[in-house]
Amino acid sequence: NLDGNHAIFTYEISKVISNSLVMGSVASAINEEDLSSSEYPTKIAKSASEKIAFHIIDQALELGMEEQWDLKRLAEATSFGSSVGAQMASIFEKSMDYPPNWQKYERNQLAKATAEGSSEGSTDARISTWNEISQNLPEEEDIQEEAAENARQDLLSISQHSSMGSLIGNVGISIYYPNPLDRLALINYAAQGATTGSMVGVSKYNLKGNDTESFDVQIARSSSNGAAFGATFETIALTNANPKDFSSDNTTISVVEAVTYGSTYGAITAGNDPSVGANAADALIFKQAVKQGSIEGSLNGSSLGTGSAEESFNTDELRSSSSIVKAAANTNAQAAADASSSMATKAIRTSTSDMLLLMKKFNINPRLTNPTKIFNKKTSSNEEADFLFEKKLQVASPI
C-alpha cells in the first residue's frame, strides 16, 4: 500500500518471514523429545517451506505485483530464509559458541526438506495461477499459448532461483557452523531436494508447448543450474577456493561433484517416479539436461564467486574450467547409474528410438559393422557437445 517501488524491502521481509517461521516450527519439534526422535522435524521443515513459498508467490500474483516484484527474487529470498531457518533450528542451543561438529537434529535431511519444499511450493503457485487464468481466456490457440509461454518462462527462472537460494543458505550456514560429518553431503542432499521439488511442482499440468523436450526436462536443467551456481558461488565467496588461478582447485571441484550428484539423482528419481505424477521421460534425457545445467551453473557461479562483474564475467578466465566440466560430467554419469539401481520400476536404458538415432549418426549397419570398434574408449571428449538446449539461461545473480 506504500507509494513507490519497495521491491528490495519485499524480498528482505520475505526472507525474514520464511526464516523465522521455519526456525521456530522446526526448533519446537526438535525440542519435543517424542517428536525429535522421529521424522517430524524434517516433515515440518518441508511442509512449512512449501506453504510459505506457495503463499508468497501466490499473494504477489493475486495482488498483481509481478511487474514490480520479481517472482524469481521472491522465490530465491524465501528458499534462502527457509534453508537458513531450518539449519539454525538444529544448532540454535549452541549457536553463539560456534562448536564444530555439533547438531541437535540431522542437518542433511533438513537441508533436503527445505530445498524440496521451497522449490515445490513456488513452482506450484505459479502453475496454479496459470491454470486459473487459462480457463478464463478466449479459446484461440495463440492467446492460450502466449499465456502458457509466460508461465513457462516464469517457472524456469523461479526453479533456478529457488534452488540457488536454498544452496546459498545451506552452504553459508555449513561454513559458518561447520557441518557435522561432511559439508559435501549436505550440498548433495540440498541439491536432491531442490531438483525434486521443482519437478514435482510442475508435474501437475502439461506445459510442454512447442518445444521438443517435455517441460520437466527443461525444469531439470534450470533447477540444477541454480543449485550448482549457489553451491559454487557461496563456497568460493566464503572460503579460500580459487578456481580462477588454479587449474584444478580441489575445493571447487569437490563442491561441483557434490551438487551435480544430488541434482542428477533427484531429477532422475523424481522424473521417473509415477507416484509423484511426473511426466515420465527417458532417464537418459534427464541425465543430459542436468549435466548441462550443472556445468553452466558451476562455471557461472565459479566466475562470479571469484569477483568477476556480472555484466562482463567470462568463464574462460577460470583456469579450473576444464576440470569443472569434467568433474560435473563424470559425477553426472555416476549419479545416473546409482539412481537407476535405486528405482524398482524403471532402470536407465537407451530407448529403441535413441539407439536407432545413434546407429544412424555413426553410420552403423548391424550386419556389416564390427561392434567392438564402435565402443572403443575415446581418448578425449567434448562434454558440452551433447547439450540439449542451445538457448542460454539468464545468469543467476544472488541478491
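In this report, the structure presented in the accompanying data block is examined. (Residues numbered from 1 in each chain as written. Predicted model: local features only at pLDDT ≥ 70, side-chain atom pairs only at ≥ 80, totals over all residues. Heavy atoms only, no water.)

### Structural notes on the packing of aromatic side chains
Scanning the model with the defined rule gives three aromatic pairs in all. For the ring pair tyrosine 98 and tyrosine 177, a centre distance of 4.8 Å and an interplane angle of 5° mean the geometry is stacked. Of the two residues, tyrosine 98 sits in the loop between helix H4 (71-91) and helix H5 (107-136) while tyrosine 177 sits in the loop between helix H6 (141-176) and helix H7 (183-201), which places them 79 residues apart along the sequence. When its relative accessible area of 45% is taken as the criterion, tyrosine 98 is described as partly exposed. Residue class for tyrosine 177 comes out buried when judged on its relative accessible area of 11%. Directly above the ring of tyrosine 40 sits lysine 43, whose terminal nitrogen or CZ lies 5.7 Å from the centroid. (Phe/Tyr/Trp six-rings, centres within 6.5 Å; stacked < 30°, edge-to-face > 60°. Helix = DSSP H or I, 4+ residues; strand = E, 2+ residues; numbered from the N terminus. Buried < 20%, exposed > 50% of the residue type's maximum accessible area, 1.4 Å probe, protein only. Lys NZ or Arg CZ within 6 Å of the ring centre and 35° of its normal.)

### Quick look at the packing of helix H9 (residues 250-271) against helix H10 (residues 283-305)
As a packed pair, H9 and H10 sit with axes 9 Å apart at the nearest point and diverge in direction by 150°. Classed by the angle they form, the pair H9 and H10 counts as roughly antiparallel. Seen from above, H9 lies across H10 with right-handed handedness. Residues Thr252, Val256, Thr260, Ser263, Thr264, Ala267, Ile268 and Gly271 of H9 lie in contact with H10, whose contacting residues are Ala283, Phe286, Lys287, Val290, Ser294, Ser298 and Ser302. Tallied by class, the residues present in the contact of H9 with H10 amount to six nonpolar, eight polar and one charged. (Axes fitted to C-alpha atoms, helices over the stretch in contact; angles between N-to-C directions. Parallel < 35°, antiparallel > 145°, perpendicular 65-115°, else oblique. Left-handed = near helix turned anticlockwise from the far one by under 90°. Contact = heavy atoms within 4.5 Å. Nonpolar A, V, L, I, M, F, W, Y, C, P; charged D, E, K, R; others polar.)

### Concerning the packing of H7 against helix H8 (residues 215-238)
In a packed pair of helices, the relevant descriptors are the angle between the two axes and the axis-to-axis distance. Across the interface, H7 lies against H8 with an axial gap of 9 Å and an inter-helix angle of 150°. Here H8 runs roughly antiparallel to H7, going by the angle between their axes. Between H7 and H8 lies a crossing of right-handed hand. Residue-level contacts link Arg183, Ile187, Ala191, Ala194, Thr195, Ser198 and Met199 of H7 to Asp216, Ile219, Ala220, Ser223, Ser224, Ala227, Ala231 and Thr235 of H8. When the residues that make up the contact of H7 with H8 are grouped by side-chain class, the tally is eight nonpolar, five polar and two charged.

### What to know about empty space enclosed by the protein
In this structure the tally under the stated criterion is one cavity of 30 Å³ or more. As a volume, the largest cavity reaches approximately 50 Å³. In terms of lining residues, the largest cavity is bounded by Ile91, Lys94, Ser95, Pro99, Trp102, Arg107, Tyr177 and Pro178. Split into classes, the residues belonging to the lining of the largest cavity amount to five nonpolar, one polar and two charged. (1 Å grid on protein atoms, 1.4 Å probe; cavity = no way out; pocket = protein on both sides within 12 Å on 5 of 7 lines; lining within 4 Å. Points joined across faces, edges and corners; volume = space filled by probe spheres on them.)

### Overview of the pattern of salt bridges
Using the criterion set out here, one finds nine salt bridges in the structure. One salt bridge connects lysine 46 with glutamate 120, and the closest N-O pair in it is separated by 3.5 Å. Here glutamate 120 lies in helix H5 and lysine 46 lies in helix H3 (residues 40-62), a separation of 74 residues in the sequence. Judged by its relative accessible area of 23%, lysine 46 is partly exposed. (Salt bridge = Lys/Arg side-chain N within 4 Å of Asp/Glu carboxyl O.)

As far as function goes, none of this settles anything; it's purely spatial.
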